[in-house]
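For reference, the chains in residue letters:
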Amino acid sequence: MARADSDHFDRLEQFYDALPRPWARVEEIGSLVLFVREGEGWPYYARPRRGAPTPSAADLTACRARQRELGLPETFEWVHETTPDLLAVARSAGLDVLLAPLLGLDPQALVPDLPVPGAAIRVLDPADPGLHADLAASRAVARLGFAAPAHRSPVEMTEKSLVVSGAGPSERDAAADLVLSDEAVGGLRAMLAGGDYETAVAESPEEGILATGTSQRAGDVAEIAGVATLPSARGRGYASQLTATLARNLISRGVELIFLSAGDDDVARLYTKVGFRRVGTACIAEPAAVPL
Ligand SMILES: CC(C)(COP(=O)(O)OP(=O)(O)OC[C@H]1O[C@@H](n2cnc3c(N)ncnc32)[C@H](O)[C@@H]1OP(=O)(O)O)[C@@H](O)C(=O)NCCC(=O)NCCS
């Protein structure tokens, strides 16, 4: 994705619209589409309906009511360059909007696979009898990782992330058995076996799974998401190498357009070193926190 022309943004829209469909029910609410996951698993987003006018504040309000009714988080995602007017509408409707750098891979710039210190990169195998334990560990790493954002001094962290700021393998193991039911593992196994999803981990022989990341594909477009490293294992190149491995595997399966959204500019810099380039802005909206 060297150039972010309108064709690329069209393909991204198609991707975001197509990805959840095999796993979700679709509800159209005004100019929005709400994807409701069937079965257990992380909930999907609502987003602008393809080809429809910019969603209105009334559309957002109606969708939020429906999300609440279904017990879903009131989240909305869209690409700013494709639906530029929605930012102001969302803010006026009382949503907080995270502007996340959207990056696309320049395949020529993809870094080579390099060994990472103290760990090896492994792609999870849906047929592996150890899959449940691997997925549980991977989910725990992601939960602890996302609770402790990168590049923040402890003073800037929330109380919650302070608690886990040094989290390592023992916190991962304490969390791992809580998070995944057999039904959820069955669903994830089916997604991995279908070939459009791939989860890779950085694993140490002594300490187990320390970092994780997943690619998700629809046709010839794919996104890399859920990249996280345990706070105790950061700065060793695990996230960079996981991202590079997932990207290379996608290219070898014929994927032409690989993108991801980074939480902030510091995280985006890491991906730039792997071979990604900023192409736009992904908007992620949720209800503004009510001041105490
Ligand atoms: C963002 C995150 C995944 C990075 O994980 P990580 O494994 O520490 O990442 P890396 O080690 O590959 O890269 C971190 C830094 O170390 C540098 N680095 C890479 N390899 C290295 C090595 N072998 N030795 C030392 N430093 C290295 C990288 O260049 C990068 O530098 P930068 O901070 O100047 O950009 C991690 O901080 C995290 O889990 N954050 C919370 C979740 C999140 O934001 N995920 C991203 C969602 S898009």
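Residues numbered from 1 in each chain as written. Predicted model: local features only at pLDDT ≥ 70, side-chain atom pairs only at ≥ 80, totals over all residues. Heavy atoms only, no water.

1. Observations concerning the overall build of the protein
The number of helices and strands found in the protein is nine helices and eleven strands. With the C-alpha coordinates of the protein rotated into their principal frame, the extents come out at 55 × 45 × 40 Å. Counting the 292 residues in the protein, one finds 48% classified as buried. Look at the contacts in the protein between residues 6 or more apart in sequence, and 71% of them connect residues 24 or more apart. Working note: accessible area of the protein is about 13500 Å², and carbon and sulfur atoms make up 54% of it. Side chains of the protein carry 28 positive and 40 negative charges; the gap between the two charge centres is 2 Å. (Helix = DSSP H or I, 4+ residues; strand = E, 2+ residues; numbered from the N terminus. Buried < 20%, exposed > 50% of the residue type's maximum accessible area, 1.4 Å probe, protein only. Contact = heavy atoms within 4.5 Å. Areas by Shrake-Rupley, 256 points an atom, 1.4 Å probe, with all protein chains shown as cover. Lys, Arg positive; Asp, Glu negative; His and termini not counted. Charge placed at Lys NZ, Arg CZ, Asp CG, Glu CD.)

2. Points about the pattern of salt bridges
Taken as a whole, this structure holds 18 salt bridges when the rule is applied. One salt bridge in this structure joins Arg 25 and Glu 27, with 2.8 Å as the shortest N-O distance. Using a relative accessible area of 31% as the deciding quantity, one classes Arg 25 as partly exposed. Arg 66 is the salt-bridge partner of Glu 27, the closest N and O atoms lying 2.7 Å from each other. You can see Glu 27 sitting in strand 1 (residues 24–29) and its partner Arg 66 sitting in helix 2 (residues 57–69), a full 39 residues away along the chain. Owing to a relative accessible area of 23%, Arg 66 belongs among the partly exposed residues under this scheme. (Salt bridge = Lys/Arg side-chain N within 4 Å of Asp/Glu carboxyl O.)

3. Regarding the site of the ligand
Of all residues adjacent to the ligand, which total 22 residues, the nearest are Val 227, Thr 229, Gly 235, Gly 237 and Ser 240. Interatomic distance of 3.3 Å between a side-chain N/O atom of Arg 269 and an oxygen atom of the ligand. Here Lys 273 contributes a side-chain N or O atom positioned 2.9 Å from an oxygen atom of the ligand. Contact with the protein chains removes 76% of the 930 Å² of surface that the ligand exposes when unbound. (Near = heavy atom within 4 Å. Polar contact = N/O pair within 3.5 Å; in protein donor to acceptor, adjacent residues only side chain to side chain.)

4. Description of the packing of aromatic side chains
Counted under the stated rule, the structure contains eight aromatic pairs. Measuring from ring centre to ring centre gives 5.6 Å for Tyr 16 and Phe 259, while their planes differ by 70°; the resulting arrangement is edge-to-face. Linking Tyr 16 in helix 1 (residues 6–18) with Phe 259 in strand 10 (residues 257–261), this pair joins segments that are 243 residues apart in sequence. Judged by centre distance (6.3 Å) and plane angle (70°), the ring pair of Tyr 271 and Phe 276 falls under edge-to-face. (Phe/Tyr/Trp six-rings, centres within 6.5 Å; stacked < 30°, edge-to-face > 60°.)

5. Quick notes on the domain arrangement of the protein
When the domains of the protein are assigned, the result is domain 1 (6–102) and domain 2 (108–274). Domain 1 and domain 2 are separated by 25 Å when their C-alpha centres are compared. Counting from both sides, the interface comprises 17 residues of domain 1 and, opposite them, 25 residues of domain 2. When domain 1 packs against domain 2, the two sides together hide about 1700 Å² of surface, and 66% of this comes from carbon and sulfur. Where domain 1 touches domain 2, the interface holds two salt bridges. Among the salt bridges present, the one from Arg 11 reaches Asp 220, with a minimum N-O distance of 3.4 Å. Taken together, the connections running from domain 1 to domain 2 amount to three residue pairs in polar contact (both at pLDDT 80 or more). Contributing elements (two or more residues each) for the side of domain 1 that touches domain 2: helix 1 and strand 5 (95–105). Ranked by residue count, the leading element in the side of domain 1 that touches domain 2 is helix 1, at six residues. (Domains from an automatic or database assignment. Buried area = accessible area lost by both parts, 1.4 Å probe.)

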